[in-house]
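Chain residues, written in single-letter form:
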Amino acid sequence: MRPTTAELPYEPQSASAARQLVRAALAGWGPDHLVDDAELVVTELVSNATKTGCLTVMRVGVTQVTGRTGQAVRISVRDGSRALPVLADAAHDAESGRGLALVDRLAIVWGVELDPHGKTMWADIAVHRA
């Protein structure tokens, strides 16, 4: 798999473009669950980024990583806000606030890297489930 990135505008429709990017990057590369999980994760990360109100473009990336947890795919979304996400304990019927909890459930590890002009949220999804 080759690393793939794209710059997308801060608008809700970018989630669809991000899913297409993930689907294309992972086509024929891993188990079926990988594409489904990666699409869901990128949707949530892009959704969080669009809520920042930034005026620049966000950068979405898909890369292969290998670490202590084995082989994984890293989904990353860089935005122009330094506001840190909060892992909320939202009710199952809440209309918002469940996205990061979903990322937490699907990813083997996730995090945020701050830089002087924003942040990058990332999540690693195991290629092979335990």
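Each chain has its residues counted from 1, running along the sequence as written. At least 70 in pLDDT is required for a residue's local features to be given in this predicted model, at least 80 for side-chain atom pairs to be given and counted, and no such filter applies to totals for whole chains, interfaces and linings, which use all residues. As a rule here, side-chain values cover all heavy atoms of the structure and leave hydrogens and water aside.

Trainee: For this particular structure, what's the right way to read the sheet that holds strand E3 (residues 70–79)?
Mentor: The pairing of strands in a sheet happens through backbone hydrogen bonds and is either parallel or antiparallel. Between any two strands, at least two bridges found by DSSP are needed for them to pair. Each helix is a run of DSSP H or I of at least 4 residues and each strand a run of E of at least 2, with the numbering of both proceeding from the N terminus. The strand order across the open sheet formed by five strands is E1-E2-E3-E5-E4, and the pairing between neighbours is antiparallel. The open sheet has two edge strands with one neighbour each: strand E1 (4–8) and strand E4 (109–115). For this sheet, the mean angle separating the axes of adjacent strands, direction not counted, is 20°. Where E1 and strand E2 (residues 58–67) come together, five bridges link them in antiparallel fashion. Residue alanine 6 lies in a different strand from E2, and its bridge partner there is valine 60. Note on definitions: a residue-residue contact is assigned when non-hydrogen atoms from the two residues lie within 4.5 Å. Angular values range over 0 to 180 degrees, each being the angle between N-to-C directions of two axes fitted as lines to C-alpha atoms, with helices fitted over their stretch in contact. Across the sheet, helix H2 (residues 32–50) touches E2, E3 and strand E5 (118–126), and the angle it forms with E3 is around 20°.

Trainee: Mind showing me how you'd approach the packing of H2 against helix H3 (residues 99–106) here?
Mentor: Each pair of packed helices can be summarised by the angle the axes make with each other and by the distance between the axes. Contact geometry of H2 with H3 gives a least axis separation of 9 Å together with a crossing angle of 150°. Like other packed secondary-structure pairs, H2 and H3 cross with a definite hand, here left-handed. Residues Asp37, Leu40, Val41, Glu44 and Leu45 of H2 form the contact with H3, whose own contacting residues are Gly99, Leu102, Val103 and Leu106. Within the contact of H2 with H3, the residues separate by chemical class into six nonpolar, one polar and two charged. Here a crossing is taken to be left-handed if its near helix is turned anticlockwise relative to the far helix by less than a right angle, and right-handed if that turn runs clockwise. Ten residues, namely Ala, Val, Leu, Ile, Met, Phe, Trp, Tyr, Cys and Pro, are considered nonpolar, four, namely Asp, Glu, Lys and Arg, are considered charged, and the remaining ones, Gly among them, are considered polar.

Trainee: Got a minute to help me understand the nonpolar core in this structure?
Mentor: The nonpolar side chains of a soluble globular protein tend to be buried with one another. In this structure, Val60 and Ile75 are the most contacted members of the largest nonpolar core, which totals 30 residues. Counting only elements with at least two residues in this core, the list comes to helix H1 (14–26), H2, E2, E3, H3 and E5. The greatest single-element share of this core, amounting to eight residues, is contributed by H2. Setting aside residues up to four positions removed in sequence, isoleucine 75 forms contacts with Val22, Ala38, Val41, Val42, Leu45, Gly61, Val62, Met121, Trp122, Ala123 and Ile125. For the purposes of this section, nonpolar cores are sets of buried Ala, Val, Leu, Ile, Met, Phe, Trp, Tyr and Cys residues that join through side-chain atoms within 4.5 Å. Partly exposed describes any residue whose relative accessible area lies between the buried limit of under 20% and the exposed limit of over 50%, with all areas from a 1.4 Å probe on protein chains only and scaled to the type maximum.

Trainee: Explain the pairing of E5 here, please?
Mentor: It is a general feature of regular strands that their side chains alternate between the two faces of the sheet. Burial within E5 is extensive, with nine of its nine residues counted as buried. The pairing of E3 with E5 spans eight bridges and is antiparallel. Along E5, the bridge assignment pairs isoleucine 75 with alanine 123. Sheet topology note: the E4/E5 ladder contains seven bridges and is antiparallel. Within E5, the residue paired with glycine 111 across the bridge is tryptophan 122.

Function cannot be inferred from these measures alone, as they are strictly geometric.
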